[in-house]
Amino acid sequence: DGTSVNAKFMTLASRAGGIASDGRYLYWTNIDGNAIGRSKLDGSDPNENFISGIALLPVSATISGGYIYWGNYGENTIGRAKLDGTEAKEDFLTATGPAGIAVDDGYIYWTDWVYMADTGGSIGRAKLDGTDANPNFISGDFNPNGLVVAGGYIYWSNSTRGTIGRAKLDGTSLNQSFITGASLPIGLAVGP
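In this text, all values refer to a predicted model and were calculated from it rather than measured experimentally.

**Some remarks on the sheet that holds strand β4 (residues 47-51)**
- Read from one edge to the other, the open sheet built from four strands follows the order β1-β2-β3-β4, with strand pairing classed as antiparallel. Pairing within the sheet leaves two strands with one partner each, and these edge strands are β1 (16-21) and β4. Pairs of neighbouring strands in the sheet enclose a mean axial angle of 35°, with direction left out of account.
- Taken together, the six bridges between strand β2 (residues 25-30) and strand β3 (residues 35-40) define a ladder with antiparallel strand orientation. Bridging across to β3, N30 finds its partner in A35.

Below is the structure:
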């Protein structure tokens, strides 16, 4: 409901990027440390290098099916590891500019964010095993960034246009300006 704000819930030594939770732990991308961090949901036992050796600029994170996925913006890859930190593979999938990533029960989606551009950018999609990658699954947006999947739709923020776009998970019913008038929207989340 917006009350009990704690702007310093956890103090970290480096910049946190994408945040995700599996209901037990909080995970985040450690941008400066090229790692994935993890703590308990109450903020205790933080480990900023829970998964280390990550490629340049891990900026986004999502969780599904016992795995954490993250976008390596500086390396144009998507990484994946089990939630216990094992089987880490930083180049699980090649994906240009994966600033935002989201997962449903069959696919992983990513935004191809073109930094400070007024042209280009798309949303890619691949099966969860990394096959059938389509980097232009949804195209025609300037600068898609944040990404979320909910209720049979995929939503994305467009910071250049100040909009939130939406399409069905099969790419139909595309609406690049589903919500308008936002000021530099970056990340997205959907609540119950």
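What follows continues from the structure just given.
**Observations concerning the pairing of β4**
- Across two bridges, β3 lies against β4 in antiparallel orientation. If you follow I36 over to β4, its bridge partner there is I51.

**Focus on the sheet that holds strand β10 (residues 107-112)**
- Spatial ordering of the open sheet is given by β9-β10-β11-β12, a layout of four strands whose pairing is antiparallel. Each edge of the sheet is formed by a strand with only one pairing partner; in this case those strands are β9 (98-103) and β12 (134-139). Within the sheet, the average angular offset between the axes of one strand and its neighbour, ignoring direction, is 30°.
- By the bridge criterion, four bridges tie β9 to β10 in an arrangement that is antiparallel. The residue bridging I101 from the neighbouring strand is W110, located in β10.

Analysis parameters
Residues numbered from 1 in each chain as written. Predicted model: local features only at pLDDT ≥ 70, side-chain atom pairs only at ≥ 80, totals over all residues. Heavy atoms only, no water. Pairing = 2+ DSSP bridges. Helix = DSSP H or I, 4+ residues; strand = E, 2+ residues; numbered from the N terminus. Axes fitted to C-alpha atoms, helices over the stretch in contact; angles between N-to-C directions.

Purely spatial values, then, with no claim about function.
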